[in-house]
Amino acid sequence: MGFVEKEFEIKDEKVLDFLVKKVGFNLREAKRAIDRGRVSVNGKRVTQKSQKATGKLKCIMFEPNGYGLKPIFETTHFAIFDKPSGVAIHPKKLANTKSLLDDVRALWGNDANLVHRLDKETSGLVMASKNKFAESILKRAFQDKDIKKSYLALVKGRLDKEMTIKKPIAVNKDENIKVKVIIHPEGKESVTIVKPIKIFDNYTLVECDLLTGRQHQIRVHLFSIGHPIVGDPLYGVDNDFADRYLNKLVTEKERIEKTGANRLMLHSYKLEFEFMNNKYIIKSDSFFEVLKNFIN
């Protein structure tokens, strides 16, 4: 379900105490809900944590109701999911949408969280922490690039040599489609190592290792060398098509005709990292079945 708005009756009580005692938040969650403007009384936003109130209290809160996905690997502190393409990582605010976070919270409670992001259309490995201790360590590890991420992608054209793409990536400020990033000399340093694995007629399966972690990095880098990812509705197509796709106006048939597939052929394939003196190498081979069905 994701984020929903619920209504309560409050009578001459501190809002912060009410959120903890009656709504079910812990103290940290209650403070965050107020700070993020998710609590109002009689139509007015609550801004002071010590505020007393009487009347109708409305609160935007998260209620897990996910896809029923289970981890493919887990320890006491973290778990790894093999996310299908089309599954969102986080719910949209006040939208009745499912997400992987719903499943994570349903399994391990509100202290559990996802520690990195993956595009909705990208399939593969996603890591979740089960507690705040693990979340802090793992998020920092991702930020410091201590966790190595490898992806598989099916690209258009024949690519027969390993290459390192070093092209800075910037936010697109000039076009209407802000979600698309661009290669720009004033952008942030971005490095992707691309290794061809197998050529299928006019397609190539490649493995991509990220040395940086920019938004849409693999997608825009591969497009920039003339090998867009099969099924990509943003890079390798004109802006009119991309805009129509983002507004959900593109049919599946039209997408296949324009991009070559009904999904983005990009997969989070491998995670390599250390946690509490243990080394982990987690792989997901589920993309090979998708690839087999596509090629055949």
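Figured I'd write up the structure that's included with this text. (Residues numbered from 1 in each chain as written. Predicted model: local features only at pLDDT ≥ 70, side-chain atom pairs only at ≥ 80, totals over all residues. Heavy atoms only, no water.)

**Comments concerning the layout of surface pockets**
Point 1. Here the second largest pocket defines a volume of roughly 480 Å³.
Point 2. Phe-3, Arg-32, Arg-36, Arg-38 and Arg-105 are, among the 22 residues lining the second largest pocket, the residues nearest its centre.
Point 3. When contributions to the lining of the second largest pocket are tallied by element, the ones reaching two or more residues are helix H2 (27-35), strand E4 (52-63), helix H3 (100-108) and helix H4 (132-143).
Point 4. Here the residues of the lining of the second largest pocket are counted per class, giving nine nonpolar, four polar and nine charged. (1 Å grid on protein atoms, 1.4 Å probe; cavity = no way out; pocket = protein on both sides within 12 Å on 5 of 7 lines; lining within 4 Å. Points joined across faces, edges and corners; volume = space filled by probe spheres on them. Helix = DSSP H or I, 4+ residues; strand = E, 2+ residues; numbered from the N terminus. Nonpolar A, V, L, I, M, F, W, Y, C, P; charged D, E, K, R; others polar.)

**Considering the nonpolar core**
Point 1. Counting residues in hydrophobic clusters, the biggest one holds 40 residues, and the most contacted among them are Leu-100, Val-104, Leu-114, Ile-218, Leu-222 and Ile-229.
Point 2. In terms of residue count, strand E9 (residues 148-156) provides more of this core than any other element does, five residues in total.
Point 3. Beyond its immediate chain neighbours, meaning those up to four positions away, Leu-100 contacts Tyr-67, Leu-69, Phe-81, Val-87, Ala-88, Ile-89, Leu-114 and Val-126.
Point 4. With 18 residues, the next largest nonpolar core counts Leu-16, Phe-25, Ala-33 and Ile-34 among its residues. (Core = buried A, V, L, I, M, F, W, Y, C linked by side-chain atoms within 4.5 Å. Buried < 20%, exposed > 50% of the residue type's maximum accessible area, 1.4 Å probe, protein only. Contact = heavy atoms within 4.5 Å.)

**Some words on the pairing of strand E13 (residues 191-200)**
Point 1. By the bridge criterion, four bridges tie strand E10 (residues 163-166) to E13 in an arrangement that is antiparallel. Note on E13: the bridge partner recorded for Met-163 is Val-194.
Point 2. As paired elements, E13 and strand E14 (residues 203-210) share eight bridges and run antiparallel to each other. The residue bridging Phe-200 from the neighbouring strand is Tyr-203, located in E14.
Point 3. The loop that links E13 with its antiparallel partner E14 comprises two residues; one of these, Asp-201, has a positive phi angle of about 50 degrees. (Pairing = 2+ DSSP bridges.)

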